[in-house]
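Spelled out from the first residue to the last, the chains are:
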There are 2 protein chains.
Amino acid sequence: MQVYLDNSATTKLDKRVLKKMYPYFSENYGNASSIHFMGEDANKALDEAKKEIGKILNCGQKNIIFTSGASEANNLIIKGIARANKEKRNTILVSEIEHSSVLAPVEQLGKEGFKIKYIPVDENGQIKMSEFEKMLDEKVLLVSVMTVNNEIGTIQDIKTISKLTHKKGALFHTDAVQAVPYLKLDINNSEIDFLSLSAHKFYGPKGVGLAYVNRKYKIFPIIDGGEQEYGIRSGTHNIPGIVGMAEALKLAYKEKTTHLKELRDYMWDRMKAEIPNINLNGDSRSRIPNNLNVRFESIEGEAIVIELSTKGICVGTGSACSSKKLRASHVLKAIGLKDEHLNSNVRFTLGKFNTKKEIDHTVDSLKKVVKRLRSFTSIKK
Amino acid sequence: MQVYLDNSATTKLDKRVLKKMYPYFSENYGNASSIHFMGEDANKALDEAKKEIGKILNCGQKNIIFTSGASEANNLIIKGIARANKEKRNTILVSEIEHSSVLAPVEQLGKEGFKIKYIPVDENGQIKMSEFEKMLDEKVLLVSVMTVNNEIGTIQDIKTISKLTHKKGALFHTDAVQAVPYLKLDINNSEIDFLSLSAHKFYGPKGVGLAYVNRKYKIFPIIDGGEQEYGIRSGTHNIPGIVGMAEALKLAYKEKTTHLKELRDYMWDRMKAEIPNINLNGDSRSRIPNNLNVRFESIEGEAIVIELSTKGICVGTGSACSSKKLRASHVLKAIGLKDEHLNSNVRFTLGKFNTKKEIDHTVDSLKKVVKRLRSFTSIKK
């Protein structure tokens, strides 16, 4: 039996999404910038995708900028807003537990003269609101806090954060990559200025994402050229990818995730009961329903991942979506894990295709793996 | 009958390429950065694509950086090399007839303090070698000259240009987007330091391209994050796209283009014989075999494109691949077209799926369209 429990790293493309993409590969394959009917057809597909997405996210469709994924969207928004508005304000606030595609751009901006400040989080991964308020002053240009953390699944109170940000005249960005399909996103109502999404995290295609960009504000592109996407992102439109992203987003909110929460809770209940010396990292309540990030006392998380892999089971270590470097998770560090615990963690992220049978098989295998690995250490069970 | 003659704007995805991509959508859908077997499978596909492409382009596979397309590759190379090496030299030379995704980044660099100089071209679109040599001095950091022009199909003598560039200690980039499948690219032999390609120009998928980057030189990324692609381009790998690009490149050089040249020449022979007052723009010899860029005396090129489109025939105006702005072509201007001739041009770019029947149908329709449009002007034929 093969079991895929790494759905926060990437997901299986839904066959219904692929079906929707299909005609745009080899039939309606025109360039959306061409003025003949094939170009018009492509452009119509682009427009419809924006209309659909705008409806779902409750935002103006002309603020949707398609990118190659969320890494590009995060870079575009953060670098683009900072560099275009540096004369006005020059401090950027980000949470300590952002994804690397937010942290690395702000580090780069730090080298360019911006002041970067990191908002601390509590043991659940929630940003410390009072500290945040103290950090917010009239020098802050941009605040970037992710909607859902990719490692521990913590959900932030985005609306409160954006309101506080706006009160001080700063702009608000949220990396919402891990929020779909679990949380309803409402851009207008939550007062979000900028938002990033990636299709392959919700059963859509790889290689496509979007930046929601409030076009009231000046932004510099990172890819200049043919001036597609209102000049904010040049390059021939990836129409099959864009059509697929819109379809995947539509399906995401059509299908319920109740089943997933039950399955996840069932998994955790079995694990707690049957495997000694384990701890759940992060918030048990304000957490997306598919995530378990678990510390296994006295074992390397990576060893568990590799052993499970030989048994056909895919799970992640603390931090996925980034190149395979052996680095302790900055997220687990930020929520207060001790140094000696930083390498003992495994992330299980369920998806809509998982079954109870798969979860049982995983827990059964995990029990054996943990026992075997612990047989080499001081803890003998 | 529908006829697609806009293959320099984009091409139909070859069904064999799609077949090769297919398993990576919903079966082997792992994230290449994951360490379990699904990640390893994805990583293996990535490695094999690089190996294959490295063999075809005659370059080290570790210098191949996958991007979302050539616009991104051009931006990455030009901005990345300039910004990382500005302390050394600060002049950038580009030909007058580069694609907008080369021209726009150098304009941006001009604002950042770099000195940008434009290499003039002759009436065929060939860069003026003696002028180029005069412009080359020890302040030049980077020279960027496209292998094949996207509007008029002119082929440059890349090897000579790169040798001259290196003699002065500068680096050489070529946007080779329009070269495949018509010209053999040999990166090592041609002494190319940087090169850009886009899969959708040679019957591969949209949304994927590559930057060949000689990693001896320091380069700054434009997308920072998870440090994929040796830290030069972050973001989850688009494995289906990457696999498709490798397959499309392989097919590109397996299939002969002789048929295409015959068809193109046949088309031009008929046009010359049957439509009065038309001129071929650009070089008639050093030109890729699928391109005809034609000036129709006293008619707007755009009117022809639109009329042909209503008859099911897709052709381009002077400049494609860029947003639908009505701007006179900088390429046709550079090769010396008079102002009053700048808006009278149509680009016909054939592809491997075109047939003689389609070409006949196109010329027949074109004759009628030209006659009709000229009936409104002083030229009565």
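Computed from a prediction, not measured in an experiment: that's the story for all the values here.

Asks: Lay out the overall build of chain A with the relevant residues and their values.
Replies: When its secondary structure is counted, chain A shows twelve helices and 13 strands. If one aligns the C-alpha atoms of chain A with their principal axes, the spans along those axes are about 70 × 55 × 35 Å. Buried positions account for 65% of the 381 residues belonging to chain A. Taking the intrachain contacts of chain A between residues at least 6 apart in sequence as the baseline, contacts between residues at least 24 apart amount to 74%. When the accessible area of chain A is evaluated, it comes to approximately 14300 Å², of which 48% is carbon and sulfur surface.

Asks: Mind laying out the nonpolar core, listing which residues take part and the relevant values?
Replies: Ranked by size, the top nonpolar core spans 191 residues in total, and within it Met271, Phe296 and Phe348 of chain A together with Met271, Phe296 and Phe348 of chain B carry the most contacts. The residues contacting Phe348 of chain B, other than those within four sequence positions of it, are Leu5, Met267, Met271, Asn290, Asn291, Leu292, Val294, Phe296, Leu308, Val315 and Leu366 of chain B. Core analysis: the second largest hydrophobic core is formed by 50 residues, Ile81, Leu141 and Val213 of chain A together with Val213 of chain B among them.

Asks: So what about the sheet that holds strand S12 (residues 316-317) of chain A? Which residues, and what values?
Replies: Residue and element names in this part refer to chain A. An order of S9-S10-S13-S12 is seen for the four strands of this open sheet, with the pairing classed as antiparallel. Either end of the sheet is taken by a strand with one partner, and the two such strands are strand S9 (278-280) and S12. Pairing of strand S10 (residues 291-296) with strand S13 (residues 345-349) involves five bridges; the strand directions are antiparallel. Bridging from a neighbouring strand, Val294 pairs with Val346 of S13. Strands S9, S10 and S13 of the sheet are contacted by helix H9 (residues 258-274), whose axis makes an angle of about 15 degrees with S10.

Asks: Explain the packing of helix H3 (residues 37-57) of chain A against helix H8 (residues 239-254) of chain A residue by residue, including any values.
Replies: Residue and element names in this part refer to chain A. At a minimum axis separation of 9 Å, H3 and H8 run at an interaxial angle of 25 degrees. In terms of orientation, H3 and H8 fall into the roughly parallel class. Pair H3 / H8 crosses with left-handed handedness. When H3 is examined against H8, the residues Ala42, Ala45, Leu46, Ala49, Glu52, Ile53, Ile56 and Leu57 are found in contact with a partner set consisting of Ile239, Ile242, Val243, Ala246, Leu249, Lys250 and Tyr253. Across the contact of H3 with H8, the residue classes break down as 13 nonpolar, no polar and two charged.

Asks: Now, about the relation of the copies chain B and chain A: what can you tell me, with residues and values included?
Replies: With an axial shift of 0.0 Å and an RMSD of 0.0 Å, the rotation relating chain B to chain A amounts to 180 degrees. Seen this way, the second copy is the image of the first under a two-fold rotation axis. For chain B, the smallest separation between a C-alpha atom and the rotation axis is recorded for Ser68 of chain B, amounting to 3.0 Å. When the interface residues of chain B are mapped onto chain A, 100% of them are again interface residues, pointing to one common binding face.

Asks: Please provide a residue-by-residue account of the sheet that holds strand S2 (residues 64-67) of chain A, values included.
Replies: Residue and element names in this part refer to chain A. The strand order across the open sheet built from seven strands is S2-S8-S7-S6-S5-S3-S4, with neighbouring strands paired in mixed fashion. Two strands in the sheet have a free side with no partner beyond their single neighbour: S2 and strand S4 (115-119). Looking at each pair of strands side by side, their axes are set apart by 20 degrees on average, direction ignored. Alignment of strand S3 (residues 91-95) against strand S5 (residues 140-144), held across four bridges, turns out to be parallel. Opposite Thr91, over in S5, you have Val140 as the bridge partner. Relative to S2, H3 is tilted by about 115 degrees, and along the sheet it contacts S2, strand S7 (194-198) and strand S8 (209-213). Strand contacts of H8: S2, S7 and S8, with the helix running at about 100 degrees to S7, the strand carrying the most contacts.

Asks: Can you tell me about unusual backbone geometry, naming the residues and giving the values?
Replies: Of the consecutive residues Val180 of chain A and Pro181 of chain A, the connecting peptide bond is found in the cis state with omega at 5 degrees. Looking at the element boundaries, Pro181 of chain A is found in the loop between strand S6 (171-175) and S7. At Asn58 of chain A, a residue that is not glycine, the phi angle is positive and equals roughly 50 degrees. Residues other than glycine seldom take positive phi values, yet Glu227 of chain B does so here, at roughly 65 degrees. Within the secondary structure, Glu227 of chain B sits in the loop between strand S8 (209-213) and helix H8 (239-254). Owing to a relative accessible area of 30%, Glu227 of chain B belongs among the partly exposed residues under this scheme.

Asks: I'd like to hear about the confidence of the model for chain A, residue by residue, with values.
Replies: Mean pLDDT for chain A: 95, with 97% of residues reaching 70 or above. Across the interfaces of the predicted complex, the ipTM metric reaches 0.96, alongside a pTM of 0.96.

Asks: Account for the packing of aromatic side chains, naming residues and giving values.
Replies: Counted under the stated rule, the structure contains eleven aromatic pairs over all chains. Consider the rings of Tyr22 of chain A and Phe25 of chain A, whose centres lie 6.2 Å apart with planes at 85 degrees: the pair is edge-to-face. On the basis of relative accessibility, which here comes to 35%, the residue Tyr22 of chain A falls in the partly exposed class. Counting every residue linked through ring pairs, the aromatic cluster contains Tyr22 and Phe25 of chain A together with Tyr22 and Phe25 of chain B. Here Lys184 of chain A stacks its cationic end above the ring of Tyr253 of chain A, 5.5 Å away from the centre of that ring. Across the ring face of Tyr203 of chain A, the terminal group of Lys352 of chain A is positioned such that the distance to the ring centre comes to 4.4 Å.

Parameters and conventions
- Residues numbered from 1 in each chain as written.
- Chains lettered and ligands numbered in written order.
- Predicted model: local features only at pLDDT ≥ 70, side-chain atom pairs only at ≥ 80, totals over all residues.
- Heavy atoms only, no water.
- Helix = DSSP H or I, 4+ residues; strand = E, 2+ residues; numbered from the N terminus.
- Buried < 20%, exposed > 50% of the residue type's maximum accessible area, 1.4 Å probe, protein only.
- Contact = heavy atoms within 4.5 Å.
- Areas by Shrake-Rupley, 256 points an atom, 1.4 Å probe, with all protein chains shown as cover.
- Core = buried A, V, L, I, M, F, W, Y, C linked by side-chain atoms within 4.5 Å.
- Pairing = 2+ DSSP bridges.
- Axes fitted to C-alpha atoms, helices over the stretch in contact; angles between N-to-C directions.
- Parallel < 35°, antiparallel > 145°, perpendicular 65-115°, else oblique.
- Left-handed = near helix turned anticlockwise from the far one by under 90°.
- Nonpolar A, V, L, I, M, F, W, Y, C, P; charged D, E, K, R; others polar.
- Least-squares fit on C-alpha atoms with pLDDT ≥ 70 in both.
- pLDDT = per-residue confidence, 0-100.
- Phe/Tyr/Trp six-rings, centres within 6.5 Å; stacked < 30°, edge-to-face > 60°.
- Lys NZ or Arg CZ within 6 Å of the ring centre and 35° of its normal.

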